[in-house]
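Working through the structure, step by step
Residues per chain, in single letters:
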Amino acid sequence: MQRLSAHTRACALSPLARASCLIPERMAYPNRIVVKVGTNVLTAGADKVHRPTIVALAQQIAAVRSQGVEIVLVSSGAIAVGRERLNFPARRRDIPLKQMLAAVGQSRLMHLYEQIFELYGITVAQTLLTRGDLADRNRYLNARNTLLACLMHNVLPIVNENDVVAVSEIRVGDNDNLSALVTNLVDADLLLILTDIDGLYTADPRRDPSATRIDLVPEITEHIYAIAGGSNIRGTGGMLTKIQAADLATRSGAEVVIARGAERDVIARVVAGEAIGTRFPAQATNVESRKRWILAETVRHSRVVVDEGAARALMTGGKSLLPAGVVAVEGDFARGQTVRIYATDGREIARGITQYAAVDLRRIRGLQSSQIAETLGFDYGPEAVHRDDMVLL
Ligand code: GLU
């Protein structure tokens, strides 16, 4: 009820939203969400990390998780905590200094999270990433597997950019864009960006009193980028990086909401579908987007031939490909690359991201998955190509 009236209200008020009244109300209740908190939220606008804010965040995350929603938290704040510890007053800009502050602050930030989430019985895991990690398919797969393992074991991953090693070419640069990459990495269906303003405005509300909040952005156009570029909120990422993040995440199949972090129970309310902040509907399903990504870079001369039983299991049983079903491996490919999967009659039946490099797959083909570790000396899991990483042709 509330959802419908909020949407109707949005359509009545905003010309942008009005154009979109044909858009479905919103996605179904999300199963997996990424929550991004910026430094400005954690410091509540002051110079130090505001402990009660972290407590409120933990409380909300615990409540939403108890409803069965999986959460990945992307948190900034390392530099702020490092600055606080070393008593660095000036907002200096040189990169090595910021990296040093992040190195000091990251462990302390995690310590804070650990202590506070512990009160709610939640175990946290530090996950530091760079763009370099996510651009390389092998490392992308490793990061994905780690995050999914955390979720499967009820551990809360807390992601930040690995500032210590991240310099220009491998830097994501801001946690807004990082949170969109993480949304894509774990196939989340909602990205909630929490910041110090309650959404995207038609102009900077601090300079222009006639500025109004946009409730719904059906499509991220040049005009939206232009408005975002004009507003200048504090922090590494202004509104512009949030729009870039929303653009990326909506195209990977997630809904995005930008809202004010200090809003009471904001996480639960957004998850419940209440119209808070600015909402950007998903532009594709995450299955479609993942398929596109899987197919984007197929290794040309790769050929993984599977026996009849495996071909049937893939095509009609919705199963993963196990090494036991592989009869031949041709070509040279690395773990994380997309390979072509063929039936013995020469038909290409699927493509998927391989968990094992060609050299390793040759050694384990035909074997039971329980024999992988003893044969290779390591084990990336029982599947050669996981179901979720596969597109049937
Ligand atoms: N990684 C930085 C930090 O933790 C923040 C980057 C950002 O907020 O965009 O302090």
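Residues numbered from 1 in each chain as written. Predicted model: local features only at pLDDT ≥ 70, side-chain atom pairs only at ≥ 80, totals over all residues. Heavy atoms only, no water.

So, about the overall build of the protein chain. Counting secondary structure elements, the protein chain contains 16 helices and twelve strands. Within the span of the protein chain, comprising 393 residues, buried residues form 52% of the whole. Accessible surface, the protein chain: about 17,800 Å² in total, of which carbon and sulfur atoms supply 52%. (Helix = DSSP H or I, 4+ residues; strand = E, 2+ residues; numbered from the N terminus. Buried < 20%, exposed > 50% of the residue type's maximum accessible area, 1.4 Å probe, protein only. Areas by Shrake-Rupley, 256 points an atom, 1.4 Å probe, with all protein chains shown as cover.)

Let us now look at the packing of helix H4 (residues 51-65) against helix H6 (residues 95-118). For the pair H4 and H6, the least separation of the axes is 9 Å and the interaxial angle reads 50°. When the axis of H4 is compared with that of H6, the two are oblique. Once H4 is placed against H6, the crossing between them reads as right-handed. Taken together, the residues of H6 that come into contact with H4 (itself represented by Arg-51, Ile-54, Val-55, Leu-57, Ala-58 and Ile-61) are Leu-112, Tyr-113, Ile-116 and Phe-117. Split into classes, the residues belonging to the contact of H4 with H6 amount to nine nonpolar, no polar and one charged. (Axes fitted to C-alpha atoms, helices over the stretch in contact; angles between N-to-C directions. Parallel < 35°, antiparallel > 145°, perpendicular 65-115°, else oblique. Left-handed = near helix turned anticlockwise from the far one by under 90°. Contact = heavy atoms within 4.5 Å. Nonpolar A, V, L, I, M, F, W, Y, C, P; charged D, E, K, R; others polar.)

As recorded in UniProt, the sites labelled "binding site: substrate" (unreviewed entry) are Ser-76, Asp-163 and Asn-175. A stretch of 100 residues holds the annotated residues, and the largest C-alpha distance among them is 10.9 Å, short enough that they meet in one place. Tracing the backbone through its elements, the reader meets Asp-163 in the loop between strand E4 (156-161) and helix H9 (175-185). In this structure Asp-163 touches Gln-99, Ala-102 and Arg-171, once residues within four positions along its chain are discounted. Take Asn-175: it is sitting in helix H9. Here Asn-175 falls in the buried class, since its relative accessible area comes to 8%. Leave out the neighbours within four places in its chain, and Asn-175 touches Lys-36, Val-74, Ser-75, Ser-76, Asn-160 and Glu-161. One polar contact links Asn-175 to Ser-76, side chain to side chain, over a distance of 2.8 Å. (UniProt positions renumbered as here; feature names shortened; annotations may be inferred. Polar contact = N/O pair within 3.5 Å; in protein donor to acceptor, adjacent residues only side chain to side chain.)

Right, let's talk about the UniProt feature "binding site: ATP" (unreviewed entry) in the protein chain for a bit. This chain's UniProt record puts "binding site: ATP" (unreviewed entry) on Lys-36, Thr-195, Asp-196, Thr-236, Gly-237, Gly-238, Met-239, Leu-240, Thr-241 and Lys-242. Take Asp-196: it is sitting in the loop between strand E5 (190-195) and helix H10 (222-230). A relative accessible area of 30% places Asp-196 in the partly exposed class. A distance of 3.3 Å separates a polar atom in the side chain of Asp-196 from a polar atom in the side chain of Thr-195.

So, on to the packing of aromatic side chains. Under the counting rule described, the total for this entry stands at three aromatic pairs. Linked through ring pairs, Tyr-356, Phe-378 and Tyr-380 together constitute an aromatic cluster. The ring of Tyr-342 has Arg-303 sitting right over it, with the charged end atom 3.9 Å from the ring centre. The residue whose ring lies beneath Arg-335 is Tyr-380, and the NZ or CZ to ring-centre distance is 3.6 Å. (Phe/Tyr/Trp six-rings, centres within 6.5 Å; stacked < 30°, edge-to-face > 60°. Lys NZ or Arg CZ within 6 Å of the ring centre and 35° of its normal.)

Next up on the list: the site of the ligand. In the region of the ligand, nine residues are neighbours, and Ser-76, Ile-79, Asn-160, Asp-163 and Asn-175 sit closest. In this structure, an oxygen atom belonging to the ligand sits 2.7 Å away from a side-chain N or O atom of Asn-160. Contact distances for the ligand include 2.8 Å between a nitrogen atom and a side-chain N or O atom of Asp-163. Considering the ligand on its own, with 300 Å² of exposed area, one finds that the protein chains cover 95% of that surface. Tallied by class, residues from the shell around the ligand come to two nonpolar, five polar and two charged. (Near = heavy atom within 4 Å.)

The next thing to look at is the confidence of the model for the protein chain. Here the protein chain averages 87 in pLDDT, while 90% of its residues score no lower than 70. Counting contacts from residues 1-25, a segment whose pLDDT is below 50, to residues more than four positions away or on other chains yields 32 contacts. Note on residues 232-236: pLDDT is under 50 here. Beyond four places in sequence and across chains, it has 16 contacts. (pLDDT = per-residue confidence, 0-100.)

Let us look at the side chain of Asn-160. Here Asn-160 lies in strand E4. Polar side-chain contacts of Asn-160 include one of 3.0 Å to the side chain of Gln-106. Each residue touching Asn-160, except ones within four places of it in the same chain, is listed here: Ser-75, Ser-76, Ala-78, Gln-106, Thr-127, Leu-128, Leu-129, Asn-175 and Leu-178.

Its location among the elements puts Glu-161 in strand E4. Within the structure, the side chain of Glu-161 is placed 2.5 Å from the backbone nitrogen of Val-172, a separation counted as a polar contact.

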